[in-house]
Amino acid sequence: MRYHDSPEATELAERASEFVDEVVIPEERGLLGGGPPDVDVIADLREEAKDRSVYCPQIDEEYGGMGLDFRDVLPLFEEAGRSLLGPTAMRVDAPDEGNMHTLELVGTEEQKQEYLAPLVSGDIRSAFAMTEPRDGGGSDPKMLSTTAEVDGDEYVIDGHKWWTTQGRHADVLLTMAITDPEAHPYNGASIILVPTDADGLEFVRDIPHLGPDMDGHGHSEFVFDSVRVPRENRLGEEHAGFTIAQQRLGPARLTHCMRFSGMASRALDVAKAYMSDRNAFGTSLSNKQSLRYEIADAETELHGARTMVRHAAAEITRGEEARVPVSMSKIFTANVAQNAIDLAIQCCGGAGMSRDLPLADFYEAVRAFRLVDGADEVHKRVIARDSFDGAVEHLDELENLPTF
């Protein structure tokens, strides 16, 4: 399917596709059923990505990226998502990708040199510490309870976070905390850079969870007990944490959509190959009409998802917040990708459940997408609020109804 992407985007995606097919997927196949790859494997993949000019295209060249337009890098994200190793290899992996975008967007030059450039090069890793155990901030971020009080030239941070992706491996946490308890949380929270070796920061555990082991990220729990960091560690303006988070989450939700679209697309490729090779009841499975129609439905829905993401990305590029198009893209793609991967497993039967194919890992990975970066219900709330805005202006449509 052609989407009339720019020549730069098309060429970049073609290089990324070749890299995934020729280098990444063969490496992945050797790891199926095992744990995450050694750091040397990732380092080698990244060097090859640099040689092929597909490494960190979304960040400015000054900090080690390729400096390409956001819309032009989206097709590469989809190619990267076809393997669990692809995003890491091309340095477009969450959460670092979103954190790098945030640092580039609002960080000081000192923060960019200390954190952004090393993140791009892969010398350090990061995490976004926002979600809290009950009764803290989760789907309703107004419930945020972690605080950062000013004491001289320092912030003193107290709180409890969990589902901090990659936290155990991170060198720095982008930590959301209340800095003005008298204000509404949307106007009284800040993002603060907290090194993971700071006194008072306790790594509690990596949460046992549904998900693949191959990416090796994990999701961590932390306790902040009077953690002190300099006030210059604040990222962006004071009390602007939620505004910055929205600037981070809009593009990050779309890059997630493209990565999972790539995963779903490969899952269907695996299923179609298996169906063409597997005979049952006298013909190949690929000749069974019901399965062919289900594959057709899945391909159609994936086309819809890719189109929606491109529209939302165009709105963001034009300077729009695009909250509703982003929410529509996110909820639609998450469910489409989940259904496609589930279908692929069904088409492959017992082979689909084995770790000999990537589908079982894909299945575990995709379920989280309906929760991360906003649960389905949160995005539906955004869409519904916009949908009903101005509904009373159409009351004239009811004038023929009898009343008493």
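Each chain carries its own residue numbering, running from 1 in the direction its sequence is written. Confidence filtering applies because this is a predicted model: local features only for residues at pLDDT of at least 70, side-chain atom pairs given and counted only at 80 or more, and all residues used for totals across whole chains, interfaces and linings. Excluding hydrogens and water, the side-chain figures rest on all heavy atoms present in the structure.

Trainee: Any chance you could break down the overall build of the protein chain for me, citing the residues and the numbers?
Mentor: Only runs of H or I of at least four residues qualify as helices and only runs of E of at least two qualify as strands under DSSP, and these elements are numbered from the N terminus. In terms of helices and strands, the protein chain carries 12 helices and 10 strands. Restricting the calculation to C-alpha atoms gives the radius of gyration, and the globule rule supplies 2.2 Å times the number of residues raised to the power 0.38. Here the C-alpha radius of gyration of the protein chain, 22 Å, is about what a compact globule of 404 residues would show, namely 22 Å. With the C-alpha coordinates of the protein chain rotated into their principal frame, the extents come out at 80 × 75 × 40 Å. Remark: exposure states derive from per-residue accessible area (1.4 Å probe, protein chains only) relative to the maximum for the residue type, with buried under 20%, exposed over 50%, and partly exposed in between. Counting every position in the protein chain, which comprises 404 residues, the buried fraction comes to 50%.

Trainee: Got a sec to walk through the nonpolar core? Specific residues and values, please.
Mentor: As used here, the term nonpolar core means buried Ala, Val, Leu, Ile, Met, Phe, Trp, Tyr and Cys residues forming a set that is joined through side-chain atoms within 4.5 Å. Formed by 87 residues in total, the largest nonpolar core has its most connected members in Val-54, Met-90, Met-176, Leu-254 and Leu-359. When residues in this core are grouped by element, the largest group, 14 residues, is from helix α7 (residues 241–277). In this structure, Val-54 is in contact with Leu-12, Arg-15, Ala-16, Phe-19, Ala-49, Met-66, Leu-76 and Met-90, ignoring residues within four places of it in sequence. Within the second largest apolar cluster, 16 residues are counted, among which are Ala-129, Ala-177, Phe-222 and Val-227. Contacts are assigned to residue pairs that have any heavy atoms within 4.5 Å of one another.

Trainee: Talk me through a negative patch on the surface; I want residue IDs and the actual numbers.
Mentor: On the surface, Asp-60, Glu-61, Glu-62, Glu-109 and Glu-110 cluster together to form a negatively charged patch. If you trace the backbone, Glu-61 turns up in the loop between α2 (39–51) and α3 (70–80). For patches, a residue must show more than 30% relative accessible area and have no salt bridge; joins then use 9 Å for like charges and 5 Å for nonpolar side chains, namely Val, Leu, Ile, Met, Phe, Trp and Tyr. Residue exposure ignores everything except the shown protein chains as possible cover, and the areas themselves are Shrake-Rupley values with a 1.4 Å probe. For this analysis, a salt bridge means a side-chain nitrogen from Lys or Arg found within 4 Å of a carboxyl oxygen belonging to Asp or Glu. Working convention for charge: Lys and Arg count positive, Asp and Glu count negative, and His plus the chain ends are omitted. By convention, charge coordinates are those of NZ in Lys, CZ in Arg, CG in Asp, or CD in Glu.

Trainee: Would you mind going over the pairing of strand β7 (residues 219–230) in detail, with residue names and values included?
Mentor: As paired strands, strand β3 (residues 154–165) and β7 are joined by nine bridges and run antiparallel to one another. In the strand pairing of β7, Thr-165 is matched with His-219. Relative to β7, strand β6 (residues 201–206) runs antiparallel, the two sharing five bridges. Following the sheet pairing, Glu-202 is matched in β7 by Val-223. Strands pair, by our definition, only if DSSP identifies at least two bridges between them.

Trainee: Talk me through the pairing of strand β4 (residues 172–178); I want residue IDs and the actual numbers.
Mentor: On a regular strand, each side chain points to the face opposite its neighbour's, so the side chains alternate between the two faces of the sheet. Most of β4 is tucked away, with seven of its seven residues classed as buried. Going residue by residue along β4, you find Val-172, Leu-174, Met-176 and Ile-178 tucked away on one face and Leu-173, Thr-175 and Ala-177 tucked away on the opposite face as well. Note: strand β1 (residues 126–129) against β4, four bridges, orientation parallel. When the sheet's bridge partners are listed, Ala-129 is paired in β4 with Thr-175. Sheet analysis places β4 next to strand β5 (residues 189–195), joined by seven bridges and oriented antiparallel. Opposite Met-176, over in β5, you have Ile-191 as the bridge partner.

Trainee: I'd like to hear about the packing of aromatic side chains, residue by residue, with values.
Mentor: Pairing of aromatic side chains requires ring centres within 6.5 Å, counting the rings of Phe and Tyr and the six-membered ring of Trp. Pairs whose planes differ by under 30 degrees are stacked, by over 60 edge-to-face, and all others tilted. Evaluation of the coordinates by the stated rule reveals four aromatic pairs. Judged by centre distance (5.7 Å) and plane angle (55°), the ring pair of Trp-162 and Trp-163 falls under tilted. Look at Trp-162 and you get partly exposed, because its relative accessible area is 25%. For Trp-163, a relative accessible area of 34% translates into the label partly exposed. Ring geometry for Tyr-186 and Phe-242: centres 5.1 Å apart, planes at 65°, overall edge-to-face. Linking Tyr-186 in the loop between β4 and β5 with Phe-242 in helix α7, this pair joins segments that are 56 residues apart in sequence. Among the residues examined, Phe-242 registers a relative accessible area of 7% and is labelled buried. Geometrically, a charge over a ring is one whose NZ (Lys) or CZ (Arg) sits within 6 Å of the ring centre while staying within 35 degrees of the ring normal. Directly above the aromatic system of Tyr-155 lies the positively charged group of Arg-231, at a separation of 5.9 Å from the ring centroid. The positively charged end of Arg-310 is found above the aromatic ring belonging to Tyr-3, 4.2 Å away from the centroid.

Trainee: Break down helix α11 (residues 359–367) for me, with residues and values.
Mentor: Judged by how many residues are buried, α11 sits mostly within the fold: seven of nine residues are covered. Among all positions in α11, only Leu-359, Ala-360, Asp-361, Phe-362, Glu-364, Ala-365 and Val-366 are buried. In this structure, the buried side of α11 is in contact with α1 (7–29), α7, α9 (323–348) and α10 (350–353).

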